[in-house]
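# Observations on the three-dimensional arrangement
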Amino acid sequence: MSSENKILRAGVVGAGVFGGFHASKYAAHDRAELVGIYDPDLQRAKDLASKHGAKPFDNLGKMLAEVDAVTVASPAVHHFEAAAAALAHGRHVLVEKPIASSVEEARELIALAAAHGCVLQVGHQERFVFNAMGLFNVPDKPLRVVASRMGPPSERCLDVSVTLDLMVHDLDLVIALAGCAVKEVEGIVDEGRFGQPDVAQAKLVFDNGCVAELKASRVHHERDRKMRVEYETGVLEIDFVAKTFENSTPYDLNPDFADDPSAKDSLGANVNAFIASVLDGAPVAVPGIAGLRALDAARAIDGARSYGA
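Residues numbered from 1 in each chain as written. Predicted model: local features only at pLDDT ≥ 70, side-chain atom pairs only at ≥ 80, totals over all residues. Heavy atoms only, no water.

### Quick word on the sheet that holds strand β9 (residues 199-206)
The test is simple: When DSSP finds two or more bridges between two strands, those strands count as paired. Counting from the N terminus, the helices are DSSP H or I runs at least four residues long and the strands are E runs at least two residues long. Interaxial angles span 0 to 180 degrees and are taken between N-to-C directions of axes, which are lines fitted to C-alpha atoms, for helices over the stretch in contact.
The seven strands are arranged β8-β9-β10-β7-β11-β12-β13 in an open sheet whose pairing can be described as mixed. Of all the strands in the sheet, the pair left with one neighbour each is β8 (182-189) and β13 (244-247). Strand-to-strand, the axes of this sheet are offset by a mean angle of 10 degrees, without reference to chain direction. Pairing between strand β7 (residues 144-150) and strand β10 (residues 211-217): seven bridges, direction parallel.

### Some details on the sheet that holds strand β3 (residues 55-57)
Quick reminder of the rule: Residue contacts are defined here by distance: any two heavy atoms, one from each residue, within 4.5 Å place the two residues in contact.
Taken together, the six strands give an open sheet; going across it, the order is β3-β2-β1-β4-β5-β6, and neighbouring strands pair in parallel fashion. Strands at the two margins of the open sheet, each flanked by one partner only, are β3 and β6 (120-122). Within this sheet the neighbouring strands show an average axis-to-axis angle of 25 degrees, counted without direction. Running at roughly 165 degrees to β3, helix α2 (residues 42-52) makes contact with β2 (32-38) and β3 of the sheet.

### Remarks on unusual backbone geometry
Residues Lys97 and Pro98 are joined by a peptide bond in cis, for which omega reads -10 degrees. Not every positive phi belongs to a glycine, and Lys243 is a case in point at roughly 55 degrees. When you line up the elements, Lys243 lands in the loop between β12 (234-239) and β13.

### A look at the pattern of salt bridges
Stated precisely, the cut-off is as follows: Salt bridge criterion: a side-chain nitrogen from Lys or Arg within 4 Å of a carboxyl oxygen from Asp or Glu. Summary of the burial criterion: residues with accessible area below 20% of their type's maximum are buried, those above 50% are exposed, and those between are partly exposed, where the area comes from a 1.4 Å probe applied to protein chains only.
As enumerated under the stated definition, the model contains 18 salt bridges in all. Residues Asp239 and Lys226 are paired through a salt bridge, measuring 4.0 Å at the closest nitrogen-oxygen approach. Of the two residues, Asp239 sits in strand β12 while Lys226 sits in strand β11 (residues 224-231), which places them 13 residues apart along the sequence. Take Lys226: its relative accessible area is 37%, and that puts it in the partly exposed class.

### A look at the packing of aromatic side chains
The cut-off we apply is this: Stacked, edge-to-face and tilted labels apply to pairs of Phe, Tyr and Trp rings (six-membered ring for Trp) whose centres lie within 6.5 Å, assigned for plane angles under 30 degrees, over 60, and everything in between, in that order.
Under the counting rule described, the total for this entry stands at five aromatic pairs. Between Phe130 and Phe240 the ring centres are 6.0 Å apart and the planes differ by 15 degrees, which places this aromatic pair in the stacked class. Here Phe130 is found in helix α6 (residues 126-133), whereas its partner Phe240 is found in the loop between β12 and β13, with 110 residues between them in sequence. No difference in accessibility class separates Phe130 from Phe240, as the two residues are buried. Between Phe245 and Phe257, the ring centres sit 5.6 Å apart and the planes meet at 15 degrees, which makes this aromatic pair stacked.

### Details of the nonpolar core
Threshold: In this text, buried Ala, Val, Leu, Ile, Met, Phe, Trp, Tyr and Cys residues form a nonpolar core when linked through side-chain atoms within 4.5 Å.
Residues Leu135, Met227 and Ile238 are the most contacted members of the largest nonpolar core, which totals 77 residues. The element that contributes the greatest number of residues to this core is helix α7 (residues 162-178), accounting for 11 residues. Ile238 has contacts with Phe130, Met133, Leu135, Arg225, Lys226, Met227, Val229, Thr244 and Phe245, leaving out every residue within four places of it along the chain. In this structure, Ala15, Leu94, Val271 and Phe274 belong to the second largest nonpolar core, which totals 22 residues.

### Quick look at the environment of His92
Note the threshold: Counting of polar contacts relies on pairs of N or O atoms within 3.5 Å, with two restrictions inside protein: one atom must be capable of donating a hydrogen and the other of accepting it, and residues adjacent in sequence are counted only when both atoms are side-chain atoms.
Tracing the backbone shows His92 in strand β5 (residues 92-95). As for His92 and Asp296, which are separated by 204 residues in sequence, their C-alpha atoms are 23 Å apart. With near-sequence residues (within four places) excluded, His92 lies in contact with Asp68, Ala69, Val70, Gly117, Cys118, Val119, Phe274 and Val278. A polar side-chain atom of His92 sits 2.9 Å from the main-chain amide nitrogen of Val119.

### As for the packing of helix α4 (residues 79-88) against helix α5 (residues 103-116)
Quick note on the threshold: We call two directions roughly parallel when the angle between them is under 35 degrees, roughly antiparallel when it is over 145, roughly perpendicular when it lies between 65 and 115, and oblique otherwise. Helix crossings fall into two classes, left-handed where the near helix is turned counterclockwise from the far one by less than a right angle and right-handed where it is turned clockwise.
Running from N to C, α4 and α5 cross one another at 15 degrees; their axes reach a closest spacing of 9 Å. As judged from the angle between their axes, α4 and α5 are roughly parallel. In this structure, α4 crosses over α5, and the sense of that crossing is left-handed. Every residue of α5 that contacts α4 at Phe80, Ala83, Ala84, Leu87 and Ala88 is listed here: Glu105, Glu108, Leu109, Leu112, Ala113 and His116.

### Some points on the pairing of strand β1 (residues 8-13)
Quick reminder of the rule: For a crossover, the right-handed case is the one in which the path from the first strand over the helix to the second runs clockwise, viewed with the strands pointing away from the viewer.
Burial analysis of β1 places five of its six residues in the buried class, which makes it a mostly covered element. Sheet topology note: the β1/β2 ladder contains six bridges and is parallel. Pairing of Val13 across the sheet is with Tyr38, part of β2. Remark: the β1/helix α1 (residues 17-28)/β2 crossover connection has right-handed handedness. In this sheet, strand β4 (residues 69-72) lies alongside β1 in parallel orientation, the contact comprising four bridges. Within the sheet, the bridge partner assigned to Gly11 lies in β4 and is Val70.

What follows is the structure, encoded as structure tokens:
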């Protein structure tokens, strides 16, 4: 059977909001079959599975026996457990960000994927927005990047810090833009509402001299997500909420990127890329090592001194 005729038997781990998003993408994809939904709460699994004609599971091993690949969209503290089980069964894994809770866990997932010949992709979907802009095709590296990612209080993702919840998006993007290793990390975080930081600031210095200054908050009064990328030749100002940019550089970026399907639906683009990697051998859009690098920086920030210390 040619790769064009292959169908990916997919499962989703986690029947929450993002699990629902991933389930709908698989169910609508002409090269995938949504086989099952796993959640330790069987009723939640049933509720989501019934929407798409899939099977509910409260036993992960039983679902893994029936699928080729899974999306792990459970709470972040459980990412490693589910992803490791799937990889150990020889199943391909798309894991939502962050890749895991610790650097050691992330390294183990990368090793498992290599040992079993599996695709391991991380859900840093903002990269698809940058791809639509053409930003990764810019021949030069930025001198400085300033980013803020702010949002109002939510009940989601309170099991991890704001660095792993929100800032990790910008950490992945600036690491990809700089194109080299992080040399220094400075950070400052607050105590947070429930034992995890809700506000964080960070400064990263890269081996090539690029400096990134980041700020994130999940207790802000409104949603505000911006990035300023400074090159020798000019400045790019991006508004992720409005999906617009102002560009004084000579680089030929796409001003209509918001109309690109991968920017309109970056989660869908993420799933599409995963399916192409599994079925066709396409390069992994966001490999495990990228998730590890963003996680490593986030953990360094979390380990920095707190406000007022």
